[in-house]
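Report on the structure
Chain by chain, the residues:
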Amino acid sequence: DVKVTQSSRYLVKRTGEKVFLECVQDMDHENMFWYRQDPGLGLRLIYFSYDVKMKEKGDIPEGYSVSREKKERFSLILESASTNQTSMYLCASSLWGSSGNQPQHFGDGTRLSIL
Amino acid sequence: QQQVKQSPQSLIVQKGGIPIINCAYENTAFDYFPWYQQFPGKGPALLIAIRPDVSEKKEGRFTISFNKSAKQFSLHIMDSQPGDSATYFCAAGGANNLFFGTGTRLTVIP
């Protein structure tokens, strides 16, 4: 069965800290995504990657960066955490091909609080 | 701007009722329209999806109706059950990225 695992379910960090969110998928998928989910706003794409070391900005990349050194692992980095980055973060993966017309498989999310 | 508009924001129905959730999009290049179901504490899970070459797709109690000319699609849940209580997201995508609606919180009362 498809499995996307996010390393932390809950995380509390302080303003200004550098924060790492990790995601691993076991499906040999080429595409991986990071979204944030906020009430009333749905899911918004932060970054996606279509191959190792490749990345593309999504709709809201400001304040974030990503790293993909291995096919199965995709990391989201908050360079200097701010309170407006308090949110639920969701990782997803999909097969090779267009990033917008393939089924995406999601992890269970990391609820991040920035104090 | 919101690429996909979803309504209603919340919906309460009695067990056995048929909740309907509606979505609209603008970009005619979109060619993939999935619906995701999310339970509290879980990530969204793909429920059903449709491509624009058909006007309807059924999987069990879940049906997508698709109107290409109106650029609208909707999810119908037949014989709804309390276990269907969840948040539902529509989405639309094409060559570049999948865009999600803002979600509908469905409550099915026993």
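Residues numbered from 1 in each chain as written. Chains lettered and ligands numbered in written order. Predicted model: local features only at pLDDT ≥ 70, side-chain atom pairs only at ≥ 80, totals over all residues. Heavy atoms only, no water.

Following Ser 7 of chain B, the chain continues into Pro 8 of chain B via a peptide bond in cis, with omega recorded as -5°. The residue Pro 8 of chain B is located in the loop between β1 (4-7) and β2 (10-14) in this model. Non-glycine residue Asp 28 of chain A carries a positive phi angle of around 60°. Looking at the element boundaries, Asp 28 of chain A is found in the loop between β3 (19-25) and β4 (31-38). The class of Asp 28 of chain A is exposed, set by a relative accessible area of 51%. The phi dihedral of Asp 79 of chain B falls on the positive side, at around 45°, and the residue is not glycine. (Helix = DSSP H or I, 4+ residues; strand = E, 2+ residues; numbered from the N terminus. Buried < 20%, exposed > 50% of the residue type's maximum accessible area, 1.4 Å probe, protein only.)

Okay, the layout of surface pockets next. When its volume is computed, the largest pocket comes out at roughly 680 Å³. Residue lining of the largest pocket: 29 residues in total, with Gln 37 and Pro 39 of chain A together with Gln 38, Thr 87 and Arg 105 of chain B positioned closest to the centre. Put simply, the parts of the chain that give the lining of the largest pocket at least two residues each are β4 and β9 (87-94) of chain A together with β9 (86-93) and β11 (104-109) of chain B. No other element matches the 4 residues that β11 of chain B contributes to the lining of the largest pocket. For the lining of the largest pocket, the residue count by class is 8 nonpolar, 15 polar and 6 charged. (1 Å grid on protein atoms, 1.4 Å probe; cavity = no way out; pocket = protein on both sides within 12 Å on 5 of 7 lines; lining within 4 Å. Points joined across faces, edges and corners; volume = space filled by probe spheres on them. Nonpolar A, V, L, I, M, F, W, Y, C, P; charged D, E, K, R; others polar.)

Our next topic: the nonpolar core. Core analysis: the biggest nonpolar cluster contains 25 residues, and Phe 33, Trp 35, Phe 73, Leu 75, Tyr 88 and Leu 106 of chain B have the highest contact counts within it. At the level of elements, β2, β3 (20-25), β4 (33-38), β5 (45-50), β7 (62-67), β8 (72-77), β9 and β11 of chain B are the ones that each hand at least two residues to this core. Looking at this core, the element that brings in the most residues is β9 of chain B, giving 4 residues. In contact with Leu 106 of chain B, not counting residues within four places along its chain, are Leu 11, Val 13, Pro 19, Ile 77, Asp 84, Ser 85, Ala 86 and Tyr 88 of chain B. In this structure, Val 19, Met 32, Ile 46 and Leu 112 of chain A belong to the second largest nonpolar core, which totals 21 residues. (Core = buried A, V, L, I, M, F, W, Y, C linked by side-chain atoms within 4.5 Å. Contact = heavy atoms within 4.5 Å.)

Any functional reading would require information beyond the geometric quantities listed.
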